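Tertiary structure, described
Spelled out from the first residue to the last, the chains are:
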Amino acid sequence: MNGVGQRLTGRERALTYLREVVLSDPAREGTFVNEQQLAEDVGLSRTPVREALLILASEGLLKMLPQRGVYISPLSAREIRELMELRGVIERYAVTVPGLDAEATGTAMLGVLEEQAAMAGDASRRDARAFIELDRRFHQLMVDAAGSSLLSRTYAGLRERQVRVGIAALRAGDGRWQDVCLEHRAIAEAVRAGAVADAHAAIDAHLGKTSQALLAL
């Protein structure tokens with residue numbers, strides 16, 4: 001829903017499908033998808049799908065190649081490093097904002113972490129996409145606590161890339177699931193304690209280890 005009593009437009013439906021299903025799937029990297037097939041998958045005509053594709057192409061999330069189709073561009077090593085650097089800048093700034101309710105923010109983050117830890121600790125419950133959505137929520141809580149709508153929107157705009165690289169990083173091995181939880185706990189506890197320097201160090205360590213896992217694949 002866009003608002004009370006409003007339905008999503010065709011373009012919005014297509015954007016939602018592309019962002020949440022296609023672009024967040026690491027397995028789609030480096031592959032072509034057919035525009036007509038996408039339209040059939042979403043149950044729309046090709047026009048709103050093409051409009052959505054043009055928007056995503058302008059954001060650098062895919063390429064529309066004449067006579068070939070829609071190409072889902074893999075994230076290069078440079079793009080991965082840049083993504084982690086940008087996330088680090090935003091997250092470190094967020095925890096330094098005066099007036100941040102450190103205790104409430106850290107407690108909320110720990111609540112999300114408990115959901116992640118339960119999933120990581122039970123192999124039968126593991127769902128990479130659900131785990132990384134929790135991961136994204138964990139970090140977004142920290143950024144949102146800064147109270148800047150522009151900062152929050154900027155960070156949220158990294159969602160597709162975050163989900164894609166997060167799922168890919170879990171492929172580094174079973175231990176990565178548990179490691180993420182340990183790294184998140186260090187961040188959340190530092191935030192809750194109002195220990196800015198410790199929070200910065202924990203954020204840098206977490207993003208650095210995620211980068212290493214991705215670049216080693």
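Here, every reference points to the structure presented above.
Residues numbered from 1 in each chain as written. Predicted model: local features only at pLDDT ≥ 70, side-chain atom pairs only at ≥ 80, totals over all residues. Heavy atoms only, no water.

Remark: the centre distance and the inter-plane angle together describe each pair of aromatic rings, the angle taken between the planes. Here the structure, examined in full by the defined rule, presents 2 aromatic pairs. With 5.0 Å between their ring centres and 45° between their planes, Phe32 and Tyr71 make a pair best called tilted. Placement of the pair is Phe32 in strand 1 (residues 32–33) and Tyr71 in strand 3 (residues 69–71), with a sequence separation of 39 residues. Classification of Phe32 as partly exposed rests on a relative accessible area of 35%. Taking relative accessible area as the criterion, Tyr71 reaches 21% and is therefore assigned partly exposed. Taken together, a centroid distance of 4.7 Å and an interplanar angle of 50° make the contact between Phe131 and Trp177 tilted. (Phe/Tyr/Trp six-rings, centres within 6.5 Å; stacked < 30°, edge-to-face > 60°. Helix = DSSP H or I, 4+ residues; strand = E, 2+ residues; numbered from the N terminus. Buried < 20%, exposed > 50% of the residue type's maximum accessible area, 1.4 Å probe, protein only.)

Ranked by internal contacts, the top residues of the largest apolar core, which has 43 residues, are Met109, Phe131, Phe138, Met142, Ile187, Val191 and Leu214. Secondary structure elements with two or more residues in this core: helix 4 (77–94), helix 5 (102–120), helix 6 (128–144), helix 7 (149–156), helix 8 (159–170), helix 9 (174–193) and helix 10 (196–215). Here the element with the most residues in this core is helix 9; it accounts for 7 residues. Dropping the residues within four chain positions of it, Ile187 is found in contact with Met109, Phe138, His139, Met142, Ala202, Ile203 and His206. (Core = buried A, V, L, I, M, F, W, Y, C linked by side-chain atoms within 4.5 Å. Contact = heavy atoms within 4.5 Å.)

A few words on the sheet that holds strand 3. The sheet built from 3 strands is open, its strands ordered 1-3-2 with antiparallel pairing. In the strand order of this sheet, the two ends are held by strand 1 and strand 2 (63–65), each with one partner. Note that strand 1 and strand 3 share 2 bridges and pair antiparallel. Each residue of the ladder has a partner; that of Val33, found in strand 3, is Val70. (Pairing = 2+ DSSP bridges.)

What follows concerns helix 4. With 18 residues, helix 4 ought to run about 26 Å at 1.5 Å a step, and its terminal C-alpha atoms sit 26 Å apart, in line with that. Restricting attention to buried positions, one finds in helix 4 the residues Ile80, Leu83, Met84, Arg87, Gly88, Ile90, Glu91 and Ala94. The inward-facing, buried residues of helix 4 contact helix 6, helix 7, helix 8 and helix 10. (Expected span 1.5 Å × (residues − 1).)

Mapped onto the elements, Thr210 comes out in helix 10. For Thr210, a relative accessible area of 9% puts it in the buried group. Discounting residues that sit within four places of it in the chain, Thr210 has contacts with Met84, Ala169 and Arg176.

In this section: the pattern of salt bridges. Taken as a whole and judged by the stated rule, the model has 15 salt bridges. Note that Arg137 and Glu115 form a salt bridge whose closest N and O atoms lie 3.5 Å from each other. Note that Arg137 is positioned in helix 6 and Glu115 in helix 5, a separation of 22 residues in sequence. According to the relative accessible area criterion, Arg137 is partly exposed, its value standing at 39%. The exposure class of Glu115 is partly exposed, given its relative accessible area of 38%. (Salt bridge = Lys/Arg side-chain N within 4 Å of Asp/Glu carboxyl O.)

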